[in-house]
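Residue-level structure breakdown
Here's the letter readout for the chains.
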Amino acid sequence: MNIYIDFDGTIFDINSLNIDYLNIFEGIDKEYIKYLITKHKNYDTVTNILIKEFNLNNNIIDKVNNLYNNNYVYKDALTFLEKYYQKYNLILLTYTKNIDYQKRKINSCKINKYFKDIIISTIDKSKLNIDYPNSIFIDNNPKELKRLNDVFAKHIIRINHINDNYHQEKNTINNIIEYKDFIELINNNYIEKIGENIYE
(Lines give C-alpha, C1' and ligand atoms only; values in the text may rest on other atoms or scores of the structure.)
Protein backbone atom coordinates (compact mmCIF):
# COMPACT_ATOMS: atom_id res chain seq x y z
CA MET A 1 0.00 0.00 0.00
CA ASN A 2 1.30 3.44 -0.95
CA ILE A 3 1.16 6.24 1.60
CA TYR A 4 1.91 9.65 0.11
CA ILE A 5 3.11 12.12 2.72
CA ASP A 6 3.51 15.86 2.27
CA PHE A 7 6.69 17.60 3.44
CA ASP A 8 6.31 21.28 4.46
CA GLY A 9 4.08 21.66 7.51
CA THR A 10 3.40 17.91 7.70
CA ILE A 11 6.80 16.31 8.27
CA PHE A 12 8.93 19.45 8.23
CA ASP A 13 8.30 22.29 10.69
CA ILE A 14 8.53 25.06 8.11
CA ASN A 15 7.07 27.63 10.50
CA SER A 16 9.95 27.20 12.99
CA LEU A 17 12.46 27.46 10.16
CA ASN A 18 10.81 30.69 8.99
CA ILE A 19 10.98 32.16 12.50
CA ASP A 20 14.66 31.29 12.86
CA TYR A 21 15.34 32.77 9.42
CA LEU A 22 13.56 36.03 10.26
CA ASN A 23 15.53 36.35 13.51
CA ILE A 24 18.80 36.42 11.58
CA PHE A 25 17.85 39.80 10.08
CA GLU A 26 17.61 42.08 13.10
CA GLY A 27 16.39 45.58 12.38
CA ILE A 28 14.77 44.73 9.04
CA ASP A 29 11.00 44.81 8.73
CA LYS A 30 9.80 41.22 9.23
CA GLU A 31 6.72 41.75 7.09
CA TYR A 32 8.91 42.79 4.17
CA ILE A 33 11.02 39.64 4.55
CA LYS A 34 7.86 37.52 4.71
CA TYR A 35 6.69 39.17 1.50
CA LEU A 36 9.97 38.25 -0.20
CA ILE A 37 9.74 34.66 1.06
CA THR A 38 6.19 34.35 -0.29
CA LYS A 39 7.25 35.81 -3.62
CA HIS A 40 10.46 33.86 -4.21
CA LYS A 41 9.88 30.62 -2.20
CA ASN A 42 13.62 30.40 -1.69
CA TYR A 43 15.76 31.63 1.21
CA ASP A 44 18.90 31.86 -0.94
CA THR A 45 17.27 34.33 -3.33
CA VAL A 46 15.73 36.33 -0.47
CA THR A 47 19.06 36.43 1.38
CA ASN A 48 20.89 37.80 -1.67
CA ILE A 49 18.21 40.45 -2.16
CA LEU A 50 18.46 41.56 1.49
CA ILE A 51 22.29 41.64 1.41
CA LYS A 52 22.27 43.92 -1.62
CA GLU A 53 19.35 46.10 -0.53
CA PHE A 54 20.54 46.68 3.04
CA ASN A 55 24.31 46.40 2.41
CA LEU A 56 24.62 43.46 4.83
CA ASN A 57 27.80 41.56 5.62
CA ASN A 58 28.22 38.31 3.68
CA ASN A 59 28.54 36.33 6.93
CA ILE A 60 24.74 36.43 6.88
CA ILE A 61 24.98 33.66 4.27
CA ASP A 62 26.83 31.45 6.78
CA LYS A 63 24.10 32.05 9.37
CA VAL A 64 21.42 31.06 6.85
CA ASN A 65 23.34 27.95 5.81
CA ASN A 66 23.72 26.96 9.46
CA LEU A 67 19.94 26.78 9.76
CA TYR A 68 20.05 23.59 7.70
CA ASN A 69 22.12 21.94 10.44
CA ASN A 70 19.07 22.17 12.73
CA ASN A 71 16.51 19.40 12.82
CA TYR A 72 13.12 20.76 11.80
CA VAL A 73 11.41 17.37 11.46
CA TYR A 74 8.40 17.09 13.75
CA LYS A 75 9.15 14.45 16.40
CA ASP A 76 5.71 12.90 15.98
CA ALA A 77 6.32 12.62 12.23
CA LEU A 78 9.60 10.83 12.84
CA THR A 79 7.82 8.39 15.15
CA PHE A 80 5.33 7.68 12.36
CA LEU A 81 8.06 7.14 9.77
CA GLU A 82 9.98 4.77 12.02
CA LYS A 83 6.85 2.75 12.77
CA TYR A 84 5.59 2.28 9.21
CA TYR A 85 8.44 2.55 6.72
CA GLN A 86 9.15 -1.18 6.73
CA LYS A 87 5.49 -2.17 6.57
CA TYR A 88 4.14 0.13 3.82
CA ASN A 89 5.47 2.06 0.84
CA LEU A 90 5.99 5.53 2.24
CA ILE A 91 6.37 8.10 -0.54
CA LEU A 92 7.30 11.70 0.08
CA LEU A 93 5.14 13.85 -2.19
CA THR A 94 5.84 17.55 -2.21
CA TYR A 95 4.85 20.40 -4.51
CA THR A 96 7.30 23.23 -5.08
CA LYS A 97 8.25 25.98 -7.48
CA ASN A 98 11.94 25.46 -6.73
CA ILE A 99 13.14 21.85 -6.92
CA ASP A 100 16.76 22.51 -5.88
CA TYR A 101 15.72 24.42 -2.77
CA GLN A 102 13.21 21.73 -1.79
CA LYS A 103 15.87 19.04 -2.24
CA ARG A 104 18.15 20.99 0.06
CA LYS A 105 15.55 21.09 2.82
CA ILE A 106 14.71 17.39 2.43
CA ASN A 107 18.35 16.29 2.40
CA SER A 108 19.06 18.34 5.52
CA CYS A 109 16.48 16.26 7.40
CA LYS A 110 18.24 12.91 6.79
CA ILE A 111 14.93 11.08 6.40
CA ASN A 112 15.42 9.70 2.89
CA LYS A 113 15.88 6.15 4.20
CA TYR A 114 12.25 6.02 5.29
CA PHE A 115 10.84 6.55 1.80
CA LYS A 116 10.37 4.13 -1.06
CA ASP A 117 10.36 7.14 -3.35
CA ILE A 118 10.63 10.93 -3.13
CA ILE A 119 8.52 12.92 -5.59
CA ILE A 120 9.31 16.62 -5.85
CA SER A 121 6.77 17.98 -8.29
CA THR A 122 6.14 21.31 -9.96
CA ILE A 123 2.73 19.92 -10.99
CA ASP A 124 -0.24 19.90 -8.64
CA LYS A 125 -0.48 16.70 -6.58
CA SER A 126 -3.93 15.99 -8.00
CA LYS A 127 -2.59 15.81 -11.58
CA LEU A 128 0.02 13.07 -11.27
CA ASN A 129 0.05 9.44 -12.41
CA ILE A 130 -1.08 8.01 -9.08
CA ASP A 131 -3.62 5.38 -8.10
CA TYR A 132 -5.61 7.90 -6.06
CA PRO A 133 -8.48 5.65 -4.86
CA ASN A 134 -6.17 2.94 -3.49
CA SER A 135 -3.58 5.10 -1.78
CA ILE A 136 -3.44 7.08 1.45
CA PHE A 137 -2.60 10.79 1.38
CA ILE A 138 -1.35 12.75 4.38
CA ASP A 139 -1.12 16.54 4.16
CA ASN A 140 -1.58 19.68 6.24
CA ASN A 141 -3.04 22.01 3.61
CA PRO A 142 -6.86 21.96 3.34
CA LYS A 143 -6.74 23.25 -0.25
CA GLU A 144 -4.39 20.45 -1.30
CA LEU A 145 -6.62 17.93 0.42
CA LYS A 146 -9.70 19.23 -1.34
CA ARG A 147 -8.02 18.86 -4.73
CA LEU A 148 -7.07 15.29 -3.85
CA ASN A 149 -10.66 14.62 -2.87
CA ASP A 150 -11.78 15.99 -6.24
CA VAL A 151 -9.76 13.29 -8.06
CA PHE A 152 -11.45 10.53 -6.04
CA ALA A 153 -8.76 9.94 -3.45
CA LYS A 154 -10.71 8.04 -0.81
CA HIS A 155 -8.22 7.89 2.05
CA ILE A 156 -7.20 11.41 2.98
CA ILE A 157 -5.70 12.47 6.29
CA ARG A 158 -5.02 15.96 7.52
CA ILE A 159 -2.29 16.47 10.11
CA ASN A 160 -3.03 19.78 11.84
CA HIS A 161 0.01 20.70 13.95
CA ILE A 162 -0.82 23.51 16.31
CA ASN A 163 2.06 25.74 15.11
CA ASP A 164 1.37 25.20 11.41
CA ASN A 165 0.40 28.15 9.21
CA TYR A 166 -2.79 26.34 8.16
CA HIS A 167 -3.81 25.41 11.71
CA GLN A 168 -6.73 27.86 11.87
CA GLU A 169 -7.94 27.03 8.38
CA LYS A 170 -11.02 24.80 8.51
CA ASN A 171 -11.41 21.59 6.58
CA THR A 172 -14.70 21.58 4.65
CA ILE A 173 -14.61 18.03 3.23
CA ASN A 174 -16.52 15.48 5.28
CA ASN A 175 -14.52 12.39 4.32
CA ILE A 176 -11.15 13.90 5.27
CA ILE A 177 -9.97 12.54 8.61
CA GLU A 178 -8.17 15.08 10.78
CA TYR A 179 -5.63 14.49 13.54
CA LYS A 180 -3.73 17.00 15.65
CA ASP A 181 -0.47 15.11 15.03
CA PHE A 182 0.96 11.78 13.90
CA ILE A 183 0.81 10.31 17.41
CA GLU A 184 -2.97 10.65 17.46
CA LEU A 185 -3.05 9.03 14.01
CA ILE A 186 -0.90 6.11 15.21
CA ASN A 187 -2.97 5.60 18.36
CA ASN A 188 -6.17 5.43 16.31
CA ASN A 189 -4.77 2.58 14.14
CA TYR A 190 -6.23 4.31 11.10
CA ILE A 191 -3.42 3.23 8.76
CA GLU A 192 -3.88 -0.43 9.66
CA LYS A 193 -7.64 -0.22 9.20
CA ILE A 194 -7.35 1.34 5.75
CA GLY A 195 -4.64 -1.12 4.78
CA GLU A 196 -6.96 -4.01 5.55
CA ASN A 197 -9.76 -2.46 3.45
CA ILE A 198 -7.53 -1.80 0.46
CA TYR A 199 -6.16 -5.33 0.41
CA GLU A 200 -9.57 -7.03 0.77
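Notes on the structure follow. (Residues numbered from 1 in each chain as written. Predicted model: local features only at pLDDT ≥ 70, side-chain atom pairs only at ≥ 80, totals over all residues. Heavy atoms only, no water.)

Quick look at the sheet that holds strand β2 (residues 89–95)
Basically, it comes down to this: In short, DSSP must find at least two bridges between two strands for them to pair. Strands are runs of DSSP state E lasting at least two residues, helices are runs of H or I lasting at least four, and both sets are numbered from the N terminus onward. Lines fitted to the C-alpha atoms define the axes, with helices restricted to the stretch that makes contact. Angles between their N-to-C directions range from 0 to 180 degrees. In this analysis, two residues are considered to be in contact whenever any of their non-hydrogen atoms come within 4.5 Å of each other.
In space, the 6 strands of this open sheet follow the order β3-β2-β1-β4-β5-β6, with parallel pairing throughout. Both edges of this open sheet fall to β3 (117–121) and β6 (176–179), since each of them pairs with a single strand only. Between one strand axis and the next, the sheet turns by 20° as a mean value, whatever way the strands run. Across 3 bridges, strand β1 (residues 2–5) lies against strand β4 (residues 136–139) in parallel orientation. Each residue of the ladder has a partner; that of Ile3, found in β4, is Ile136. Against the sheet, helix α6 (residues 99–109) contacts β2 and β3, and its axis sits at roughly 145° relative to β3. Packing of helix α7 (residues 142–150) onto the sheet brings it into contact with β2, β4, β5 (155–159) and β6, and relative to β5 it is tilted by some 180°.

A look at the packing of aromatic side chains
Put simply, the rule reads: Only Phe, Tyr and Trp rings are paired, with Trp represented by its six-membered ring, and only when their centres lie within 6.5 Å; those with planes under 30 degrees apart are stacked, over 60 edge-to-face, the remainder tilted. Here, a charge over a ring means that NZ of Lys or CZ of Arg falls within 6 Å of the ring centre while also lying within 35 degrees of the ring normal.
Counting across every chain of the model gives 14 aromatic pairs. Linked through ring pairs, Tyr21, Phe25, Tyr43 and Tyr101 together constitute an aromatic cluster. Sitting above the plane of the Tyr84 ring, Lys83 keeps its charged end 5.5 Å from the centroid.

Focus on the pairing of β2
Note the cut-off: Under the scheme applied here, a residue whose accessible area is under 20% of the maximum for its type counts as buried, over 50% as exposed, and between as partly exposed, the area being computed with a 1.4 Å probe on protein chains only. Looking down the strands as they point away from the viewer, one classifies a crossover as right-handed if the path from the first strand across the helix to the second runs clockwise.
Within β2, 5 of the 7 residues are buried, which leaves it mostly tucked inside the rest of the structure. Looking at chain direction, β1 and β2 are connected through 4 bridges and run parallel. The partner of Tyr4 across the bridge, within β2, is Ile91. Summarising the sheet, β2 and β3 pair through 5 bridges and their orientation is parallel. Across the sheet, Thr94 pairs through a bridge with Ile120, a residue of β3. Between the parallel pair β2 and β3, the chain is carried across by α6, and the sense of this crossover is right-handed.

Overview of the pattern of salt bridges
Put simply, the test is: Take a side-chain nitrogen of Lys or Arg and a carboxyl oxygen of Asp or Glu: if they are within 4 Å of each other, that pair is a salt bridge.
All told, the structure shown has 10 salt bridges when counted by the stated rule. One salt bridge connects Asp8 with Lys105, and the closest N-O pair in it is separated by 3.0 Å. Of this pair, Asp8 sits in the loop between β1 and α1 (14–24) while Lys105 sits in helix α6, and the two are 97 residues apart along the sequence. Through salt bridges with shared partners, one network takes in Asp6, Lys125 and Asp139.

Considerations on the side chain of Asp164
What counts here: When charges are counted, neither His nor the chain ends are considered; positive counts come from Lys and Arg and negative counts from Asp and Glu. Polar contacts, as counted here, are pairs of nitrogen or oxygen atoms within 3.5 Å of one another; within protein the pair requires one atom able to donate a hydrogen and one able to accept it, and residues that are adjacent in sequence qualify only if both atoms are side-chain atoms.
Topologically, Asp164 is positioned in the loop between β5 and β6. No salt bridge is formed by the buried Asp164; the nearest opposite charge belongs to Arg158, separated by 5.6 Å. A polar atom in the side chain of Asp164 sits 3.1 Å from the backbone nitrogen of Tyr166. When near neighbours in sequence (up to four residues on either side) are disregarded, Asp164 contacts Gly9 and Asn140.

Notes on the side chain of Lys105
Given a relative accessible area of 4%, Lys105 falls into the buried group. Look past the residues within four positions of Lys105 in its chain and what remains in contact with it is Phe7, Asp8, Phe12, Ile14, Leu17 and Tyr68.

Here we look at the nonpolar core
Short version of the rule: Among buried residues, the Ala, Val, Leu, Ile, Met, Phe, Trp, Tyr and Cys ones that are joined through side-chain atoms within 4.5 Å form a nonpolar core.
Of all hydrophobic cores here, the largest spans 51 residues; its most connected members are Ile5, Ile11, Tyr21, Phe80, Ile138, Leu185 and Ile191. Broken down by element, the residue count for this core peaks at 5 residues, all from α1. Filtering out sequence-adjacent residues up to four positions away, Leu185 remains in contact with Phe80, Ile138, Ile157, Ile159, Tyr179, Tyr190 and Ile191.

By themselves, these figures tell us nothing about what the structure is for.
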